[in-house]
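These are the residues of each chain, in order.
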Amino acid sequence: MTEFEHTSVLLHETIDNLAPKDGGIYVDCTFGGGGHAAYLLSKLTNGTVIGFDQDSYAISAAQEKFQTNLREDHQPHLQLVKANFSQLAPELAKLGIDGVDGIYYDLGVSSPQFDQPERGFSYRFDAKLDMRMDRDQRLSAYEIVNEWDFNELVRILYRYGDEKFAKQIARQIEKARAIAPIETTFQLSDLIKAAIPAYARRTGGHPAKKSFQAIRIAVNNELGVLSESLEAAIKLLKPGGRISVITFQSDEDRIVKQLFKKYSEVDLPRGLPVIPDDLKPPLKLVNRKPILATEEELANNKRSHSAKLRVAEKI
Ligand SMILES: C[S@@+](CC[C@H](N)C(=O)[O-])C[C@H]1O[C@@H](n2cnc3c(N)ncnc32)[C@H](O)[C@@H]1O
C-alpha cells in the first residue's frame, strides 16, 4: 500500500464554493493525496472528477486509494491523468472534454514530497539535490545550483524566496562549486547558513527555508505554468462553472488575483445604457477578498498559515 499522508488545506471552502452539481465534470489540477477530490466525490451521486498530478508517486497512491471510484462503471467516476496542469486543455481534449463545470488548484508541494528524504526537497534530511515534482523532468535542483550563473541565482532567490541575502548566497554557491559540485541538501544548506550574517540567522525560521523554496519554484517552473493553465481553465469553464485556487506564496496569489481581475472587469465606452453580451466580462468574482484559514484550521495545520483561496464564476 502506498501511504500518502497530506492534510488538505481549506478543504470545505475550496469545494463548497464550487457549488458542485450532480452530473457535472470537475477537474482537480493538483490531486496529491486526493483529500479535496474525496470530499468533492462525497458531494456527488453521479458525475466525473478528473485528477491531474505530475508526480507519478501521487498517481500510483491514488490508483490504490480510489480503486472503487476509478472503475469504469462507478458513479461518481474518477479519472487520473499523470500530466502537468500546463497540459490541461490538450489532456482533456484526449478524453473528449471541451467544457467543465468546476476546476480547482491547491498549489505547491504535498507533505510526502517534503517528507520523503530521497525527493531532495527538504533541508531537514540529507539527500541528493533534486526537488522535481515530476521525476521524468530533466531539470533538477542539482543543475540549478551547479550550472545557473550568478545573476540567475540572485534573481530566483530574490523573486521566489524574498531572500534579502540573495547575492551573498549566490556568491557562496559560486565559490563552493568552483572547487567541487554541490551534491546534497545538507551541503547547500550549510553554504546558505555560512552566507547569511549571524545577526540575521538568529531571527526568523531556518536560514535555508527561503532559498529552498526559491529553488523549488524554479525547478518546477511553478509560476510560469500557473498563468498559462489558469487562462486555459477559464476558457474551459461552462457558464455558471466555478474556479477555486489556493495559493501559498505572494507571487502565486498575485498571478491569480490579476488574472481574475483581467477577466472580471471590462473597459466600457461611457454612457452605455445596456452592456451588450459580447462586451460583458467572462468572469465574476465570488469573493472579493481571499478566503483564509479559520482559527481552528490555523491551530491544526501549519501549511494553512500562508494559504489564500480565490474563487470566480464564468458568466
Ligand atoms: C498541495 S498538493 C495537493 C494536495 C491535495 N489537494 C490533497 O488534498 O491531498 C499539490 C500536488 O499538486 C501537484 N502539482 C503541483 N504543481 C503541478 C503541476 N504544475 N501540474 C500537475 N501537478 C502539480 C504536486 O505534485 C502535488 O502532488
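Residues numbered from 1 in each chain as written. Predicted model: local features only at pLDDT ≥ 70, side-chain atom pairs only at ≥ 80, totals over all residues. Heavy atoms only, no water.

Where an unreviewed UniProt entry is consulted, the chain appears under the name Ribosomal RNA small subunit methyltransferase H, with the organism given as Amylolactobacillus amylotrophicus DSM 20534. As recorded by UniProt, the Catalytic activity (unreviewed entry) comment attached to the chain reads in full: "cytidine(1402) in 16S rRNA + S-adenosyl-L-methionine = N(4)-methylcytidine(1402) in 16S rRNA + S-adenosyl-L-homocysteine + H(+)". (UniProt positions renumbered as here; feature names shortened; annotations may be inferred.)

Under the feature "binding site: S-adenosyl-L-methionine" (unreviewed entry), the UniProt entry names G34, G35, H36, D53, F85, D106 and Q113. When the annotated set is filtered for residues lining the largest cavity, what remains is G34, G35, H36, D53, F85, D106 and Q113. Structurally, H36 is set in helix α2 (residues 35–42). Here D106 is to be found in strand β4 (residues 100–106). Excluding residues that lie within four positions of it along the chain, D106 makes contacts with H6, T30, H36, I246 and F248. (1 Å grid on protein atoms, 1.4 Å probe; cavity = no way out; pocket = protein on both sides within 12 Å on 5 of 7 lines; lining within 4 Å. Helix = DSSP H or I, 4+ residues; strand = E, 2+ residues; numbered from the N terminus. Contact = heavy atoms within 4.5 Å.)

Right, let's get into the nonpolar core. In globular proteins that are soluble, nonpolar side chains generally tend to be buried together. Formed by 68 residues in total, the largest nonpolar core has its most connected members in L88, I103, Y105 and I243. Ranked by the residues each element gives to this core, the list is headed by helix α13 (residues 222–236), at 7 residues. If we skip the residues at most four places from it in the chain, L88 touches V27, C29, F52, I103, Y105, S229, A233 and L236. Grouped together as the second largest cluster of nonpolar side chains are 16 residues, F31, L40, F66 and L78 included. (Core = buried A, V, L, I, M, F, W, Y, C linked by side-chain atoms within 4.5 Å. Buried < 20%, exposed > 50% of the residue type's maximum accessible area, 1.4 Å probe, protein only.)

All told, the structure shown has 21 salt bridges when counted by the stated rule. The salt bridge involving K43 is made with D16; its shortest N-O contact spans 3.2 Å. Placement of K43 in the loop between α2 and β2 (48–53) and of D16 in helix α1 (residues 11–16) is noted, with a sequence separation of 27 residues between them. Overall, K43 belongs to the partly exposed group, its relative accessible area being 39%. When the shortest N-O distance is used, the salt bridge between E313 and K284 registers 3.7 Å. Of this pair, E313 sits in strand β7 (residues 308–314) while K284 sits in strand β6 (residues 283–285); the two residues are 29 residues apart in sequence, bridging distant segments of the chain. (Salt bridge = Lys/Arg side-chain N within 4 Å of Asp/Glu carboxyl O.)

What follows is about the site of the ligand. Every one of the 25 residues lining the ligand counts as a neighbour, but S8, D53, F85, D106 and Q113 are closest to it. Q54 places a main-chain nitrogen or oxygen 3.1 Å from a nitrogen atom of the ligand. Starting from 610 Å² of accessible surface for the ligand in isolation, the protein chains cover 99%. In a pocket analysis with a 2 Å cut-off to the grid points, the ligand is assigned to the largest cavity. (Near = heavy atom within 4 Å. Polar contact = N/O pair within 3.5 Å; in protein donor to acceptor, adjacent residues only side chain to side chain. Areas by Shrake-Rupley, 256 points an atom, 1.4 Å probe, with all protein chains shown as cover. Sits in = over half its atoms within 2 Å of the grid points.)

This brings us to the sheet that holds strand β3 (residues 77–82). Read from one edge to the other, the open sheet built from 7 strands follows the order β3-β2-β1-β4-β5-β7-β6, with strand pairing classed as mixed. If you trace the sheet from one side to the other, it starts and ends with β3 and β6, each paired once. Across the sheet, the mean angle separating the axes of adjacent strands is 20° when strand polarity is ignored. In this structure, β6 lies alongside β7, joined through 3 bridges in antiparallel fashion. The partner of L285 across the bridge, within β7, is A312. α13 rests against β4, β5 (237–247), β6 and β7 of the sheet, and its axis sits at about 150° to β5. The sheet strands contacting helix α14 (residues 250–264) are β5, β6 and β7, and the helix crosses β7 at an angle near 20°. (Pairing = 2+ DSSP bridges. Axes fitted to C-alpha atoms, helices over the stretch in contact; angles between N-to-C directions.)

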